[in-house]
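So the chains spell out like this:
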Amino acid sequence: MGVEAHATNERVTGRRWTVRLDPVGRGRADVRVSCSRPACAAQVLPSAADGRTAAIAHLKAHLRAGPAPRPSVHCACRAEECHTHIRPAGPRERPVPWRCGGAVVLAVITDREGRWWQVMECCSRCAAAHPTAKVVATAPAAEASARNDGLRADAAASAAPAVHAPTFSAISPHFSHSATATGTAVPQQASAPRSAARSAPRSARPTRKRPPRGRIAQRLVPHDLRPVALRDELTELGELFRAYQARTEPDLAMLADLHARKAEAFNAWAEVTADTGLRLDARRAEQAAATARLQHLHRIGQAPDGEGPAVVRLLTAPAQWNHARAVLAHVAENAPLPGAEARLLVVMVTLRTAQSGVGNLVGQDIKGLPLQDPEHLVRQLVESGWLGISGTVEELIASRPESPTRISVPSLTPDEDDPGPFTFGRKLRPKLSGWAQRVVGEKKLRKGKTGADVRLLALALATGADGEGLLGPGGEGIGLDALSSWCSVDPADLPDLVDRLTAADWLAEADVTDTLLTGRLTERVLPLGCPLT
C-alpha cells in the first residue's frame with residue numbers, strides 16, 4: 001500500500017489552456033486573438049471572421065504539435081470542482097477522483113458564440129458531460145505493470161510465469177470501471193489455467209467507444225466513413241454551419257467559403273458511396289457559394305472576375321437604402337407645411353435630427369437649398385411648433401460652422417413611451433444626411449438652377465430604381481400619383497420636371513404616360529441610388 005500511495009501522490013492534474021477572441025475596443029471591428037500558453041503572443045485581426053479563423057488555426061497547431069493525452073493524470077477540471085462531476089445526495093462535497101470514469105482524453109470545449117476554445121486533458125465521462133466538447137485524442141492504454149506492491153508482484157511472477165493475466169499500472173487514476181481495480185484479482189488469477197486468463201471479465205477489458213456522429217444538411221455522417229479526413233471534414237462543416245446560423249450579423253464571404261467546402265466534401269462523399277443525392281447536393285452547394293460570393297462583391301462595391309467595374313454607392317447596404325426610403329416616407333406623411341420648398345427643407349432638417357430629435361444647423365445649410373425666402377419658411381416651421389431653435393430665425397440664417405445653432409424637432413424626440421419613428425443608430429444618421437445633401441446639391445442640378453420640386457423628384461427616383469437604374473420594381477415604372485404627392489406638385493407638371501432631370505443627365509429613356517414614369521437613371525448618378533431589393 002505504501003508504494004501505491006506514493007505513486008498516487010505523484011499524479012498531476014491534466015493540462016488545460018484557452019484560446020480567446022476578444023474585441024480590441026468599443027465600437028471597433030478588429031479583434032484580438034490570445035492564447036493562455038505563455039509562449040504565445042496575442043495578435044490583432046481586422047474582423048471577427050478573420051479572428052475566428054486565426055484562433056481555430058492556432059488551436060489546431062497546438063493540437064498537432066502537442067503530446068498525446070497521458071493515461072495517468074487527474075481531470076483538468078477536477079481542480080476547480082467541475083460541475084460535470086457526479087454530486088452525492090447530501091451536502092455539496094469537494095470532487096474526488098472516483099467520480100471520474102473512462103480513458104483520459106484531450107477534449108476541446110467552446111462556447112456557443114465562438115468566443116473562446118478551451119483544451120482540457122480530462123476523463124471521457126467529464127468530456128461527455130460538456131454539451132460542446134469534441135474529443136480530439138484518447139490516451140493509449142497504460143503499460144502492463146504490477147498494481148500490487150513488490151512482494152505480491154514477485155510471488156505472482158514466480159508462481160505462473162507463462163500466464164498473461166491483465167495487470168494495471170500503480171499510477172492509474174482509476175478511469176476505467178475495471179472489476180480488478182482494487183488490486184485483489186491479479187494474484188488470485190496467477191495460478192489459473194491459460195483459458196481462464198483469456199476469458200477475463202468483460203469489465204476488465206477496455207471498451208471501445210464509437211466516435212460521435214456528425215450532422216450536416218440534415219444528414220448524419222457515418223462513424224465508419226472512410227477516409228477519416230472526409231468524415232472529420234463533414235463533421236466540422238456541420239458545426240461551422242450551425243455556428244454561422246447563430247451569428248447576429250451575416251458574413252457573405254464566410255458563407256461562400258463554407259458552401260464551397262461543402263460542395264467539395266459532398267462530391268468526395270458521393271464518389272465514396274456512389275450516392276446520386278449527394279452529388280446533387282454538391283451541385284446546389286456550388287450554386288449557393290457562387291450566389292453568396294456575388295452578393296458579397298456587390299455589397300462591398302467590387303466587380304466579379306471578368307466583368308466591368310461595379311457601382312460604388314454612397315450608401316452601401318440594403319438596410320441603409322431601406323432607412324433612406326423610410327425617412328422620405330415619414331416626411332411625406334407628416335410634412336407640417338404644403339409646397340415643394342417646405343417639403344425639401346423638412347427633409348433636410350429631419351435627417352439632421354432623426355436619431356435623437358436634436359441637432360445642429362448653420363445658415364449655409366439653409367441658404368444652399370433652392371428656397372426663394374428661406375427666412376420666412378423657417379419662421380413658419382417654428383410658428384407651427386414643428387421646429388424649435390435656440391435663438392432667433394435671423395441668428396440661425398447668419399450662423400456659421402464655428403457657432404452652429406441648436407435645433408430640435410419634438411415629434412422626433414424619443415421618450416419612454418415612444419422610441420421615435422426611426423430605428424437606425426447614431427452612426428448611420430450622418431451617412432443618410434450626407435447622402436441627401438449629395439443628391440439635392442448634385443453639380444448639374446445646381447448649375448441648371450433647378451427648383452425644389454426637381455430635386456425632390458431626384459430624391460424619389462434615387463430611391464425608386466433597381467440595381468441597374470431601371471425605375472420601379474422590376475423596371476415597370478413609378479406611378480405619377482405617388483410622384484406628384486411626394487414632390488407636392490400637380491401631376492400635369494411632372495413631364496416638365498422629368499425633362500429638366502433628363503437635361504441634367506439624371507434620366508435616360510424617360511417616358512411619361514397617363515399613369516407611369518418609366519426609364520432609367522444614368523450611369524453618372526447610379527452611385528447616389530438606393531436600389532430596390
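In what follows, the structure referred to is the one given above.
This report concerns the structure included in the present document. (Residues numbered from 1 in each chain as written. Predicted model: local features only at pLDDT ≥ 70, side-chain atom pairs only at ≥ 80, totals over all residues. Heavy atoms only, no water.)

**Things to note about the side chain of Thr522**
Defined as follows: Where helices and strands are cited, they refer to DSSP runs of H or I of at least four residues and of E of at least two residues respectively, numbered from the N terminus. Two N or O atoms count as a polar contact when they lie within 3.5 Å, although within protein this holds only if one can serve as hydrogen donor and the other as acceptor, and sequence-adjacent residues are included solely when both atoms are side-chain atoms. Contacts are assigned to residue pairs that have any heavy atoms within 4.5 Å of one another.
Inspection of the secondary structure puts Thr522 in the segment after strand 14 (516-521). Looking at Thr522, its side chain comes within polar contact range of the main-chain oxygen of Asp505, at 2.7 Å. Leaving out residues up to four positions away in the same chain, Thr522 has contacts with Asp505, Trp506, Leu507 and Ala508.

**Quick notes on the pairing of strand 13 (residues 507-512)**
Quick reminder of the rule: Here, any two strands with at least 2 DSSP bridges between them count as paired.
As paired strands, strand 13 and strand 14 are joined by four bridges and run antiparallel to one another. Within the sheet, the bridge partner assigned to Asp511 lies in strand 14 and is Thr518. Here strand 13 hands over to strand 14 after three residues, the two strands then running antiparallel side by side.

**Observations concerning the sheet that holds strand 2 (residues 31-35)**
Where we set the bar: Throughout, an axis means a line fitted to C-alpha atoms (over the contacting stretch in the case of helices), and angles, computed between N-to-C directions, take values from 0 to 180 degrees.
Pairing is antiparallel in the open sheet, where six strands are placed in the order 3-2-1-5-4-6. Taken across any chain shown, the strands that pair with only one partner, and hence form the sheet edges, are strand 3 (43-45) and strand 6 (134-138). Going across the sheet, the axis of each strand differs from the next one's by a mean of 20°, ignoring polarity. As defined by bridge partners, strand 1 (residues 16-23) adjoins strand 2 across five bridges and the pair is classed as antiparallel. Along strand 2, the bridge assignment pairs Val19 with Cys35.

**Observations regarding a positive patch on the surface**
Using the following cut-off: Residues with no salt bridge and a relative accessible area higher than 30% make up the patches, which join like charges within 9 Å and nonpolar side chains (Val, Leu, Ile, Met, Phe, Trp, Tyr) within 5 Å. Computed with a 1.4 Å probe, the accessible areas rest on the Shrake-Rupley method; for each residue, only the protein chains presented here act as cover. The rule for a salt bridge is simple: a side-chain nitrogen of Lys or Arg has to be within 4 Å of a carboxyl oxygen of Asp or Glu. Positive charges come from Lys and Arg alone, negative charges from Asp and Glu alone, with His and the N- and C-terminal ends not counted. Taken as the charge centre is NZ of Lys, CZ of Arg, CG of Asp or CD of Glu, depending on the residue. The buried label applies to any residue whose accessible area, calculated with a 1.4 Å probe on protein chains only, is under 20% of its type's maximum; exposed applies above 50%, and partly exposed to all values in between.
On the surface, a cluster of positive charge is contributed by Arg26, Arg426, Lys427 and Lys431. Mapped onto the elements, Lys431 comes out in helix 15 (residues 428-440). Residue classification places Lys431 among the partly exposed positions, given a relative accessible area of 47%.

**With respect to the nonpolar core**
Under the convention used in this document: To form a nonpolar core, buried Ala, Val, Leu, Ile, Met, Phe, Trp, Tyr and Cys residues must be joined to one another through side-chain atoms within 4.5 Å.
Ranked by size, the top nonpolar core spans 72 residues in total, and within it Trp435, Leu461 and Trp506 carry the most contacts. With residues near it in sequence (within four places) discarded, Trp435 still touches Leu314, Leu315, Ala324, Leu328, Leu459, Ala462, Thr463, Leu528 and Cys530. Ile216, Leu234, Leu237 and Phe241 belong to the second largest nonpolar core, which has 20 residues in total.

**Observations concerning a negative patch on the surface**
A surface patch of like charges, here negative, comprises Asp415, Glu416, Asp417 and Asp418. Using a relative accessible area of 83% as the deciding quantity, one classes Glu416 as exposed.

**Description of the sheet that holds strand 11 (residues 405-408)**
Judged by pairing direction, the sheet is antiparallel, and its three strands sit side by side in the order 9-11-10 without closing on themselves. Taken across any chain shown, the strands that pair with only one partner, and hence form the sheet edges, are strand 9 (358-361) and strand 10 (388-389).

**A few points about helix 2 (residues 48-65)**
The cut-off we apply is this: Here, expected helix span is obtained from the residue count minus one, scaled by 1.5 Å.
When the terminal C-alpha atoms of helix 2 are compared, their 26 Å separation across 18 residues agrees well with the 26 Å that a helix rising 1.5 Å per residue should span. Among the residues of helix 2, Ala49, Gly51, Arg52, Ala54, Ala55, Leu59 and His62 are the ones counted as buried. Close packing links the buried residues of helix 2 with strand 1, strand 2, strand 3, strand 4 (104-110), strand 5 (116-123) and helix 8 (252-273).

**Some remarks on the pattern of salt bridges**
Taken as a whole and judged by the stated rule, the model has 20 salt bridges. In this structure, Arg20 engages Asp22 in a salt bridge whose closest nitrogen and oxygen atoms are separated by 3.2 Å. Across the salt bridge formed by Arg284 and Asp281, the nearest N and O atoms sit 2.4 Å from each other. One end of the pair is Arg284 and the other is Asp281, both in helix 9 (residues 276-300) and three residues apart, which spans about a single turn. For Arg284, a relative accessible area of 47% puts it in the partly exposed group.

**Quick notes on helix 15**
Operational definition: Taking the helix axis as origin, the arc is that swept by the directions to the C-beta atoms.
For helix 15, built from 13 residues, the straight-helix expectation of 18 Å at 1.5 Å per residue is met to within 8% by its first-to-last C-alpha distance of 19 Å. The complete set of buried residues in helix 15 reads Leu428, Leu432, Ser433, Trp435, Ala436, Val439 and Val440. One side of helix 15 carries all its buried residues, which in axial view fall inside an arc of 160°. Along its buried surface, helix 15 packs onto helix 10 (318-334), helix 11 (340-353), helix 16 (443-447) and helix 17 (452-462).

**Digging into the side chain of Thr463**
Its location among the elements puts Thr463 in the loop between helix 17 and strand 12 (478-479). At 3.1 Å, the side chain of Thr463 forms a polar contact with the backbone oxygen of Ala460. Once residues lying within four places of it in the same chain are set aside, the contact partners of Thr463 are Arg325, Leu328, Trp435, Cys530 and Leu532.

**A word on the packing of aromatic side chains**
The condition is simple: Aromatic contacts are taken between Phe, Tyr and Trp rings whose centres are within 6.5 Å, Trp giving its six-membered ring; a plane angle under 30 degrees counts as stacked, one over 60 as edge-to-face, and the others as tilted. To sit over a ring, a charge needs its Lys NZ or Arg CZ within 6 Å of the ring centre and within 35 degrees of the ring normal.
In the structure shown here, the tally under the stated rule is two aromatic pairs. Both rings, one in Phe266 and one in Trp269, keep their centres 5.6 Å apart while their planes meet at 80°; by these two values the pair is edge-to-face. Here the residue Phe266 and the residue Trp269 both occupy positions in helix 8, the gap between them amounting to three residues, near one helical turn. Residue Phe266 is classed as buried on the basis of its relative accessible area of 0%. By relative accessible area, Trp269 is classed as buried at 5%. Between Phe422 and Phe424 the ring centres are 5.6 Å apart and the planes differ by 25°, which places this aromatic pair in the stacked class. A cation over a ring is seen here: Arg37 above Trp17, with NZ or CZ 4.5 Å from the ring centre. Across the ring face of Phe241, the terminal group of Lys262 is positioned such that the distance to the ring centre comes to 5.8 Å.

**Structural notes on the environment of Pro370**
For Pro370, the location among the structural elements is in the loop between helix 12 (363-367) and helix 13 (374-383). Spatially, the C-alpha atom of Pro370 lies 5.7 Å from that of Gly451, the residues being 81 residues apart in sequence. Aside from chain neighbours lying at most four places away, what touches Pro370 is Glu341, Leu344, Thr450, Gly451, Ala452 and Arg455.

**Structural notes on unusual backbone geometry**
Note the cis peptide between Arg226 and Pro227, where omega equals 5°. Tracing the sequence through the fold places Pro227 in the loop between strand 8 (219-220) and helix 7 (228-245). Of note in the backbone geometry, Lys449 takes a positive phi value of approximately 50° without being a glycine. Relative to the helices and strands, Lys449 resides in the loop between helix 16 and helix 17. Accessibility expressed as a relative area gives 70% for Lys449, which makes it exposed. Not every positive phi belongs to a glycine, and Ser488 is a case in point at roughly 55°. Secondary-structure assignment places Ser488 in the loop between helix 18 (480-487) and helix 19 (494-503).

**Topic: the state of the cysteines**
So the rule is basically this: Any two cysteine sulfur atoms within 2.5 Å of one another count as a disulfide.
Under the definition given, this model contains zero disulfides. Cys35 takes part in no disulfide bond, and the closest cysteine sulfur, belonging to Cys40, lies 3.9 Å away. Judged by relative accessible area, which is 12%, Cys35 ranks as buried.

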